[in-house]
2 protein chains.
Amino acid sequence: MPPRRAHPAPSPRTRVRRLPERGRYDRAAIDDVLDAALVAHLGFVSDGQPFVIPTLHARVGDEVYVHGSSASRALRALAEGIPACLTVTLLDGIVFARSVFEHSLNYRSVVVLGQATPVDDREEKLAALEAFTEKLLPGRWAETRPPTARELKATGVLRLPLDEASAKIRDGGPEDGDTPDAELDVWAGHLPLAVTALEPVPDTGLRPGIAVPPALRPYRRPGLVA
Amino acid sequence: MPPRRAHPAPSPRTRVRRLPERGRYDRAAIDDVLDAALVAHLGFVSDGQPFVIPTLHARVGDEVYVHGSSASRALRALAEGIPACLTVTLLDGIVFARSVFEHSLNYRSVVVLGQATPVDDREEKLAALEAFTEKLLPGRWAETRPPTARELKATGVLRLPLDEASAKIRDGGPEDGDTPDAELDVWAGHLPLAVTALEPVPDTGLRPGIAVPPALRPYRRPGLVA
């Protein structure tokens, strides 16, 4: 049998160098993490200063989209075609080892590198907005008022291809169970964390007689909300 | 009475420009968000490419610390004193409006800009490692094996001052309750999300008779784990 190899990385820039056994480069793993998360962190450089802003994202096929006000600093900077990094992280738990050194977090993360480019095509823009809306609640796009021409103009949408992406995943317990530290009188293990949805809160201005969408009660999102 | 003013921002770079009423610049608000979150996203630039990596962080007084392998690409790049951005985001819920356009997320976020510098002083490094460990579980520093000289050397710690930071907070329901959209036959409101801790999972190699730390059952973290 040949020795087990690390997965091939799509580029040296996305190869997981620290703890390479945690790296995943298959699109199924990358898509799972991207699709589960509601918040991404988008990095870009302006005047030599890196900025990292939280934003809703949505994947459609081989592209990941972000959006915001057309007037925002971030969107204007990115729309010029500068390099961007979109990172998504889901916190899954806390790892308690016998030593300070081996403490860790369990997480699933994805890093996407590339050029963000503005979406000008009306159909593609609407498809991206539909993806954002459906991501928040399946079926929501059909039941809400669609964007007006003015709203569409006020919304900037950017596209980032998934050509250069990697996932990094840590799960399970601590790694000191077979070291001399295992003899210490210290509890070791991990604490899983889960996101749950509470009861939906109706808007104070909600007209009487409008029912809560069935998908909100209970609300589930695979990989994020249990 | 003078008109209500926006909070003064510490720098033009951290001033919240989009939806400025969500901006907060007081240290109490900034510290609350930083201290609640277990994961930060650290942005830096290498060869013109921004990178955003998830990392554990801990605040000690007026500094926020991050750490990692001394050999990591990120830590080596940052330790040269390049500009960095540390962003923390807590997802608090989903906002459902009558229109696609007004959908949103509820969140608390903090952005810190500055130069990350390596911590060389042994006492400061130990204090930062204690802060990381105590952040995961109060009391954990005293009950676990302290770092060896070799482990200390293998761990890089970086310091980022809180001189240039801002918080951005959105909460509550949608903002279309007093617009013509309120007449639409669409449910509107918000769905609070909460992080909860599941049962601690003992390490498979755990020696018999070692009790779970009381602080793990139940596990609570103010502002993060309910």
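Here, every reference points to the structure presented above.
This one's a predicted model, so the numbers in the text were calculated from it and none came from an experiment.

Glancing now at the packing of aromatic side chains. Residue and element names in this part refer to chain A. Scanning all chains against the criterion turns up 4 aromatic pairs over all chains. For the pair Phe44 and Phe51, a centre-to-centre distance of 5.7 Å together with 20° between the ring planes defines the contact as stacked. For the pair Phe44 and Phe51, a shared accessibility class is recorded, and that class is buried.

For the rest of this paragraph, the subject is the interface of chain B and chain A. The interface is formed by 89 residues belonging to chain B together with 89 residues belonging to chain A. Where chain B abuts chain A, roughly 7700 Å² becomes buried across the two surfaces, and 66% of that area is made up of carbon and sulfur atoms. Considering only the surface of chain B that becomes buried against chain A, Val100, Arg145 and Trp187 of chain B emerge as the three largest contributors, covering 10% of it. On inspection of chain B and its partner chain A, the count reaches 4 salt bridges. Linking Arg145 of chain A and Asp181 of chain B is a salt bridge whose minimum nitrogen-to-oxygen distance equals 2.7 Å. Our enumeration of links across chain B and chain A arrives at 37 residue pairs in polar contact (both at pLDDT 80 or more). Looking at which element gives the most residues to the side of chain B that touches chain A, the answer is strand E10 (residues 189–197) of chain B, with 9 residues. Class assignment of the residues belonging to the side of chain B that touches chain A gives a composition of 53 nonpolar, 20 polar and 16 charged.

Okay, the relation of the copies chain B and chain A next. One copy of the chain maps onto the second through a rotation about an axis and a displacement along it. By a simple turn and slide, chain B fits onto chain A: the slide is 0.0 Å along the axis, the RMSD is 0.0 Å, and the turn is 180°. One copy is carried onto the other by what is essentially a two-fold rotation axis. Closest approach to the rotation axis among the C-alpha atoms of chain B is made by Val195 of chain B, whose C-alpha sits 2.2 Å away. A shared interface surface links the copies, since 100% of the contact residues of chain B are contact residues in chain A too.

What counts and what doesn't
Counting from 1, residues in each chain are numbered in the order their sequence is written. Starting at A for chains and at 1 for ligands, labels are handed out in the order in which the entities are written. Only residues with pLDDT of 70 or above have their local features reported here, since the model is predicted, and side-chain atom pairs are shown and tallied only from 80 upward, although totals for entire chains, interfaces and linings are computed over all residues. To get the side-chain values, take all heavy atoms of the structure and skip hydrogens and water. Stacked, tilted and edge-to-face are the three classes applied to pairs of Phe, Tyr and Trp rings, where Trp contributes its six-membered ring and a pair requires centres within 6.5 Å; stacked means planes under 30 degrees apart, edge-to-face means over 60, and tilted covers the rest. Exposure categories follow from relative accessible area, calculated using a 1.4 Å probe and restricted to protein chains: below 20% of the type maximum is buried, above 50% is exposed, and the middle band is partly exposed. By definition, residues are in contact when any of their heavy atoms lie within 4.5 Å. For any pair of parts, buried area is found by adding up, for both, the accessible area (1.4 Å probe) each one loses once the two are put together. Any Lys or Arg side-chain nitrogen found within 4 Å of a carboxyl oxygen on Asp or Glu counts as a salt bridge. Polar contacts, as used here, are pairs of N or O atoms within 3.5 Å; protein pairs need one atom able to donate a hydrogen and one able to accept it. Residues neighboring in sequence count only if both atoms are side-chain atoms. Comment: elements are numbered from the N terminus, with helices defined as DSSP H or I runs of at least four residues and strands as E runs of at least two. Ten residue types, Ala, Val, Leu, Ile, Met, Phe, Trp, Tyr, Cys and Pro, are classed as nonpolar, four, Asp, Glu, Lys and Arg, as charged, and the remainder, Gly among them, as polar. In this comparison the copies share one frame, found by least squares on the C-alpha atoms of residues holding pLDDT of at least 70 in both.

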